[in-house]
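Report on the structure
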Amino acid sequence: MKSVILPVGSTEQHGPHLPLGTDSLIAQRLCEALAAELKIDSVPVLKYGVSFEHADFPGTISIQPETLLRTVKGICESLLERYQRVIIINTHGGNTATLRNLKNEKTTFIDLFDSLIEIIADIRETEIGGICHACEIETSLMLYLEPSLVRREKITDEIVKYVTPLDPQSERQLPDGWKTINYSKSGVIGDPRKATPQKGEKIFKALIREIIKSIK
Ligand SMILES: [Zn+2]
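The paragraphs below set out a description of the structure included in this document. Each chain has its residues counted from 1, following the order in which its sequence is written. A pLDDT threshold of at least 70 governs which residues receive local features in this predicted model, and a stricter bar of 80 or more applies before side-chain atom pairs are shown or counted, although totals over entire chains, interfaces and linings include all residues.

**Overview of the pairing of strand 1 (residues 3-8)**
With six bridges connecting them, strand 1 and strand 3 (residues 85-90) associate as parallel partners. Along strand 3, the bridge assignment pairs Leu6 with Ile88. At least two DSSP bridges between two strands are needed for those strands to be called paired. The way it works is that DSSP assigns letters per residue, a run of H or I at least four long becomes a helix, a run of E at least two long becomes a strand, and they are numbered from the N terminus. Inspection of the sheet shows strand 1 paired to strand 2 (residues 41-42) by two bridges, in the parallel sense. Across the sheet, the residue bridging to Val4 is Asp41, located in strand 2. Here is how to tell: hold the view so the strands point away, follow the path from the first strand over the helix to the second, and if it runs clockwise the crossover is right-handed. As for the winding sense of the linkage, the β-α-β connection from strand 1 through helix 1 (residues 22-38) to strand 2 is right-handed.

In structure tokens, the structure reads:
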């Protein structure tokens with residue numbers, strides 16, 4: 001069965017130290033590495049998603065959930081003219097609810113966060129609250145994948161540790177319709193000061209292993 005990987009990211013603020021295309025870059029690199037590992041094809045990343053939670057910060061571009069769904073479905077239809085299966089890999093939490101149901105015999109949906117939860121417990125150094133957005137994990141991944149795009153001098157002290165419901169390892173519920181601006185002045189939610197390229201490499205390689213397991 002000939003499969004192809006479709007990365008889905010976002011264009012949104014990632015605090016003062018990470019680029020707007022952080023999710024898209026992580027998605028693209030992850031899918032290229034997965035495709036090489038599995039000896040299948042990957043296609044260019046879809047760089048727009050549902051990012052209304054970051055709308056108060058400049059640079060964020062959002063599309064409506066139904067637009068995202070229609071676009072991804074359309075890309076899948078097109079790809080299925082040449083391939084038997086499309087593996088969608090999403091790296092932006094705001095897209096998850098919209099894309100989660102795109103699972104059928106020809107389409108597989110994989111969300112980064114499902115695999116992350118398994119991985120980060122052993123790797124993280126922050127307490128619950130240190131991981132959410134432009135945080136320990138995302139900053140580590142960027143320091144590993146594209147260090148020239150990380151403004152290290154802008155990594156701020158603003159740790160939003162009290163927002164524990166937004167940490168993937170928190171047992172508390174994510175409040176519906178949450179907005180970043182209500183939690184963070186800088187746009188960072190979590191503790192990027194604990195980020196290192198070594199950690200990024202560990203996370204990236206572990207993600208590849210976990211995702212391959214879930215595809216097979
Ligand atoms: Zn992100």
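**Here's the deal with the sheet that holds strand 2**
Strand pairing within a sheet occurs via backbone hydrogen bonds; the two strands may be parallel or antiparallel. Read across the sheet, four strands follow the order 2-1-3-4 without closing on themselves; strand pairing throughout is parallel. Because the sheet does not close on itself, it has two edges, and the strands there are strand 2 and strand 4 (107-111). Bridge analysis of strand 3 against strand 4 gives five bridges, and the strand direction is parallel. For Val86, the partnering residue across the bridge sits in strand 4 and is Thr107.

**Describing helix 2 (residues 65-79)**
Its 15 residues place the ends of helix 2 21 Å apart at the C-alpha level, agreeing with the 21 Å of an ideal helix rising 1.5 Å per residue. Exposure is read from a count of other C-beta atoms within 10 Å of each residue's own; the residue is exposed at 12 or fewer, buried at 20 or more and partly exposed in between. C-beta atoms are placed from the backbone. Along helix 2, the positions that sit buried rather than exposed are Leu68, Val72 and Leu79. One side of helix 2 carries all its buried residues, which in axial view fall inside an arc of 25°. Exposed and oriented more than 90 degrees from the buried face of helix 2 are Glu66, Arg70, Gly74, Glu77 and Ser78. Those residues of helix 2 that are buried lie in contact with strand 1, strand 3 and helix 3 (93-99). Expected span of a helix: the number of residues minus one, times 1.5 Å. Here, the arc refers to the directions that run from the helix axis to the C-beta atoms. In this description, any two residues whose backbone-derived C-beta atoms lie within 7 Å of each other are considered to be in contact.

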